[in-house]
Amino acid sequence: MRYDVRLRLSYAYQRPVGDARHLVRVQPRELPGIQHVEDVRLRIDPAPSERTAFADYFGNPALAISLRPPHQALDVEMRAHVRVERDGQSSLDLSPDPAGLQAELSGLRTLAPDAPWHFLPASARAPLLARLTDYARTSARSGSSVYALVQDLGLRLHGDFAYDPDATEVDTPAGEAFDMRAGVCQDFSHIMIAGLRGLGIPAGYVSGFLRTVPPQGRPRLEGADATHAWVRAWCGVQMGWREFDPTNGIPAGDDHITIAYGRDYSDVSPIAGVLKTTGAQTATQAVDVLPLE
């Protein structure tokens, strides 16, 4: 599928900001064999005093900006044409069982950015909590493969938890969202990541977009009005990384457009930084993902 992707982030400050520095991650990333970015345009208002484009440790496109003149608003607009061909991936399950995965992990001697070792320990937003591990363990049926476990856990989360944008905030801990059995894509993903890591399965966070207009006859996916999140799990040497969307209970497909990979939301937030001001601020987000064919 080929898409026209549009994102706008808008911030309004109660009082003027005298100085600000931000790290912006909103551009879809190039993924050989899965996703190709044909064109991308990024507009920032007010224009940055300094800007530096680079790829972060995990290979995500990033832009460091500084804004020195006083301002009371910040707008970030991104537009891109992206081709996604995820359906070409084999669905054949070649993953080992959990014990076999541990044996494969012990044989890996790399700390490259994509190495599963980075995605196994607890992280700030995906802590290792006993109740999350116990919930995930129910998916570890006797003789089941890692890939089957990942899919079963994602489907259980989809069935057991309610998608409720009013239930949580961006900084709600995973354990709290788990106890409420409600939240948004960020919460579903952090819970699933923490549960998998508790079982010794490397898992990471994916930020991205969903197509806004579903194919004819198919339901609209939850989370399509904003940036979305789902999970990638390392399923062994032969299968590598596989992605699942627990919010919608489906493997990531051609409807899923990737922005960034990380250990949790902290690694991939669309914009983060520091600024000098007092008073409150408000933020709005608008997303459109329109099929071009």
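All residue numbers refer to positions counted from 1 along the written sequence of the respective chain. A pLDDT threshold of at least 70 governs which residues receive local features in this predicted model, and a stricter bar of 80 or more applies before side-chain atom pairs are shown or counted, although totals over entire chains, interfaces and linings include all residues. Here the side-chain values reflect all heavy atoms present in the structure, with hydrogen atoms and water set aside.

Visitor: Help me understand the overall build of the chain in this model?
Guide: A run of H or I in DSSP becomes a helix once it reaches four residues, and a run of E becomes a strand once it reaches two; helices and strands are each numbered from the N terminus. The helix and strand tally for the chain stands at six helices and 15 strands. Here the C-alpha radius of gyration of the chain, 19 Å, is about what a compact globule of 293 residues would show, namely 19 Å. We call two residues contacting when some pair of their heavy atoms lies within 4.5 Å. Here the analysis covers contacts within the chain between residues at least 6 apart in sequence; of these, 76% occur between residues at least 24 apart. For the chain, the computed accessible surface area is about 13,100 Å², with 53% contributed by carbon and sulfur atoms. Charge convention: Lys and Arg are scored as positive, Asp and Glu as negative, and His as well as the terminal groups of each chain are ignored. Where a charge lies is defined by one atom per residue type: Lys uses NZ, Arg uses CZ, Asp uses CG and Glu uses CD. Charged side chains of the chain number 29 positive and 36 negative; the gap between the two group centres comes to 4 Å. Put simply, the radius of gyration uses C-alpha atoms, and a globule should come to 2.2 Å times the residue count raised to 0.38. Accessible areas in this description were obtained via Shrake-Rupley with a 1.4 Å probe; residue shielding takes into account the shown protein chains only.

Visitor: Can you walk me through the sheet that holds strand 13 (residues 256-262) in this structure?
Guide: Strands qualify as paired when DSSP identifies two bridges or more between them. Ordered in space as 12-11-10-9-13, the five strands form an open sheet in which the pairing is antiparallel. Of all the strands in the sheet, just strand 12 (250-251) and strand 13 have a single pairing partner and so form its edges. Two strands pair when backbone bridges link them, and strand 10 (residues 228-234) and strand 11 (residues 241-245) are joined in this way by four bridges, in the antiparallel orientation. Note on strand 11: the bridge partner recorded for tryptophan 234 is tryptophan 241. Sheet strands in contact with helix 3 (residues 146-160) are strand 10, strand 11 and strand 12, and its direction is about 15° off that of strand 11. To get an axis, fit a line to the C-alpha atoms, keeping to the stretch in contact for a helix; angles then go from 0 to 180 degrees between the N-to-C directions.

Visitor: Could you clarify how one ought to interpret the nonpolar core in this entry?
Guide: One recurring pattern in soluble globular proteins is that nonpolar side chains are buried together. By nonpolar core we mean a set of buried residues, namely Ala, Val, Leu, Ile, Met, Phe, Trp, Tyr and Cys, connected to one another through side-chain atoms within 4.5 Å. Each residue's exposure class comes from its accessible area (1.4 Å probe, protein chains only) as a fraction of the maximum for that residue type: buried when under 20%, exposed when over 50%, partly exposed otherwise. Counting residues in each nonpolar core, the largest one holds 68 residues, and the members touching the most others are Leu196 and Phe209. Core analysis: the second largest hydrophobic core is formed by six residues, Val206, Trp230, Ala252 and Tyr261 among them.

Visitor: When you look at the sheet that holds strand 3 (residues 35-45) in this model, what are you seeing that I'm missing?
Guide: Note: strands within a sheet are paired through backbone hydrogen bonds, in either parallel or antiparallel orientation. The strand order across the open sheet formed by four strands is 3-6-1-15, and the pairing between neighbours is antiparallel. Strand pairing shows two members of the sheet lacking a second neighbour, strand 3 and strand 15 (281-291), which therefore form its edges. If you compare each strand with its neighbour and ignore which way they point, the axes differ by 10° on average. Relative to strand 6 (residues 71-84), strand 1 (residues 2-17) is paired through twelve bridges, and the arrangement is antiparallel. Along strand 6, the bridge assignment pairs arginine 6 with arginine 79.

Visitor: Help me out: how do you make sense of the side chain of aspartate 152 in this one?
Guide: Inspection of the secondary structure assignment puts aspartate 152 in helix 3. A polar atom in the side chain of aspartate 152 sits 2.9 Å from the side chain of arginine 141. In contact with aspartate 152, other than residues within four places in its own chain, are Ser139 and Arg141. A 3.5 Å cut-off defines polar contacts: any pair of N or O atoms within that distance qualifies, except that in protein one atom must be a possible hydrogen donor and the other a possible acceptor, and neighbouring residues in sequence count only when both atoms are side-chain atoms.

Visitor: Would you explain unusual backbone geometry in this entry?
Guide: As a rule of thumb, non-glycine residues mostly have phi less than zero, and peptide bonds are mostly trans rather than cis. Residue proline 46 follows aspartate 45 across a cis peptide bond; omega there is 5°. Tracing the chain through its elements places proline 46 in the loop between strand 3 and strand 4 (50-55). Unlike most non-glycine residues, arginine 181 shows phi in positive territory, near 55°. Here arginine 181 lies in the loop between helix 4 (174-180) and strand 8 (182-183).

Visitor: For this particular structure, what's the right way to read the environment of glycine 175?
Guide: Here glycine 175 lies in helix 4. Taking relative accessible area as the criterion, glycine 175 reaches 6% and is therefore assigned buried. A sequence separation of 43 residues divides glycine 175 from leucine 132, and the C-alpha atoms of the two residues are 7.6 Å apart. Contact partners of glycine 175, with chain neighbours within four places excluded, come to Leu129, Arg131 and Leu132.

Visitor: Hey, could you run me through the pattern of salt bridges in this one?
Guide: Opposite charge on two side chains permits pairing when their charged atoms draw close. Salt-bridge detection follows one rule: a side-chain nitrogen of Lys or Arg within 4 Å of a carboxyl oxygen of Asp or Glu. Considering all chains together, one arrives at 17 salt bridges under this definition. Of the charged contacts, one joins arginine 8 and glutamate 77 as a salt bridge, the two residues approaching to 3.6 Å between their closest N and O atoms. Of the two residues, arginine 8 is situated in strand 1 and glutamate 77 in strand 6; the sequence distance between them amounts to 69 residues. Under the relative-accessibility criterion, arginine 8 is labelled partly exposed at 37%. Take glutamate 77: its relative accessible area is 26%, and that puts it in the partly exposed class. Its salt-bridge partner being arginine 131, residue aspartate 179 comes within 2.9 Å of it at the nearest N-O pair. Taken together, the residues span a long stretch of sequence, with aspartate 179 in helix 4 and arginine 131 in helix 2 (residues 130-137) at a distance of 48 residues.

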